[in-house]
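One letter stands for each residue in the lines below.
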Amino acid sequence: MTFWTPIELHELEALIEKGEDQVEQSEKIRRCLVALTKRQREAIFLRFYNDLSYSDIASIMELQVDSVYNIISKAIDSLRQKLRPSVVAGLGTILFILQ
């Protein structure tokens, strides 16, 4: 009894190419995140990776909530300039993958 089906060479090549694209995209995202300021990275990770509220982030970073909004907004603008919009929209998932 066989639990797998043979894969065609072109299917295997497509899977490898897709995997390489994802690795390349993850590396580009990592470089873009590293290019942010330390405060921007911290705020982005707290917001999207830890799923904290702006109020919680403000408390942790010892800032006003308005400052946190500004920091995250500028960080997202910076990422949008360097990445495709769909990547920025899925940032929470990407941060989870990059951990």
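Here, every reference points to the structure presented above.
Residues numbered from 1 in each chain as written. Predicted model: local features only at pLDDT ≥ 70, side-chain atom pairs only at ≥ 80, totals over all residues. Heavy atoms only, no water.

Peer 1: Give me the packing of aromatic side chains: which residues, what numbers.
Peer 2: Summed over all chains, the structure comprises two aromatic pairs. Note on Phe-45 and Tyr-49: the rings are 6.4 Å apart at their centroids and 65° apart in plane angle, and the pair reads as edge-to-face. Of this pair, Phe-45 and Tyr-49 both sit in helix 2 (residues 38–49), four residues apart, which is roughly one turn of that helix. (Phe/Tyr/Trp six-rings, centres within 6.5 Å; stacked < 30°, edge-to-face > 60°. Helix = DSSP H or I, 4+ residues; strand = E, 2+ residues; numbered from the N terminus.)

Peer 1: Describe helix 3 (residues 54–61), and please don't skip the residues or the numbers.
Peer 2: Of the residues making up helix 3, those classed as buried are Tyr-54, Ile-57, Ala-58 and Met-61. Down the axis of helix 3, the buried set is contained in an arc of 100°. They therefore lie on one face. Lining the buried residues of helix 3 we find helix 2 and helix 4 (65–82). Count one or two residues on from helix 3 and you reach Glu-62, which has phi positive near 55°. (Buried < 20%, exposed > 50% of the residue type's maximum accessible area, 1.4 Å probe, protein only. Arc of directions from axis to C-beta. Contact = heavy atoms within 4.5 Å.)

Peer 1: Now, about unusual backbone geometry: what can you tell me, with residues and values included?
Peer 2: In this model, Asp-51 sits at a positive phi of 55°, which is unusual for a non-glycine residue. Here Asp-51 is to be found in the loop between helix 2 and helix 3. You can call Asp-51 exposed: its relative accessible area is 62%. If you check the backbone angles, Glu-62 has positive phi at about 55° while not being a glycine. Relative to the assigned elements, Glu-62 resides in the loop between helix 3 and helix 4. For Glu-62, a relative accessible area of 71% corresponds to the exposed category.

Peer 1: Lay out the environment of Thr-37 with the relevant residues and their values.
Peer 2: Assignment of secondary structure puts Thr-37 in the loop between helix 1 (9–35) and helix 2. Sequence separation between Thr-37 and Ile-71 is 34 residues; the distance between their C-alpha atoms is 9.5 Å.

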